[in-house]
Amino acid sequence: MPWTDQTGCLGVGDADVSFVLEPADYAGLEKVTVALLPRVVCLPSAHDLART
């Protein structure tokens, strides 16, 4: 599924379950959290934000 439409497959019947990463549109769906995944950012060491 495209990153921008992780739940669209459920509405059209192409899938029964979708493991979804936030953000997602849950309208008309039941949602159950099964895991919390940490988010990280990788930057070149010379990047301004790498110094924080």
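Quick note: structure is the one above.
To keep things clear, this report deals only with the structure shown in the data block. All values reported here derive from a predicted model rather than from experimental measurement.

Another aspect to go through is the overall build of the protein. In terms of helices and strands, the protein carries one helix and zero strands. Over its C-alpha trace the protein gives a radius of gyration of 16 Å, far above what one expects of a compact globule, namely 10 Å for 52 residues. Counting only C-alpha atoms, the protein reaches 45 × 20 × 15 Å along its principal axes. On the protein, roughly 4,900 Å² of surface is accessible, and the fraction owed to carbon and sulfur atoms is 58%.

Attention now goes to the environment of Asp-48. Along the chain, Asp-48 falls in the segment after helix H1 (8-11). Note: C-alpha distance between Asp-48 and Asp-14 (34 residues apart in sequence) is 44 Å.

Within the element layout of this structure, Glu-22 appears in the segment after H1. Each C-alpha atom of the pair Glu-22 and Trp-3 lies 9.9 Å from the other, and the pair is 19 residues apart in sequence. In contact with Glu-22, not counting residues within four places along its chain, are Lys-31 and Arg-39. In terms of polar contacts, Glu-22 uses its side chain to reach the side chain of Tyr-26, at 2.7 Å.

Our next topic: a nonpolar patch on the surface. There is a patch of nonpolar side chains on the surface, built from Val-17, Phe-19, Val-32 and Val-34 and spanning about 490 Å² of accessible area. In this fold, Phe-19 is placed in the segment after H1.

Criteria and thresholds
Residues numbered from 1 in each chain as written. Predicted model: local features only at pLDDT ≥ 70, side-chain atom pairs only at ≥ 80, totals over all residues. Heavy atoms only, no water. Helix = DSSP H or I, 4+ residues; strand = E, 2+ residues; numbered from the N terminus. Rg over C-alpha atoms; globule rule 2.2 N^0.38 Å. Areas by Shrake-Rupley, 256 points an atom, 1.4 Å probe, with all protein chains shown as cover. Contact = heavy atoms within 4.5 Å. Polar contact = N/O pair within 3.5 Å; in protein donor to acceptor, adjacent residues only side chain to side chain. Patch = residues over 30% accessible without salt bridge, like charges linked within 9 Å, V, L, I, M, F, W, Y side chains within 5 Å. Salt bridge = Lys/Arg side-chain N within 4 Å of Asp/Glu carboxyl O.

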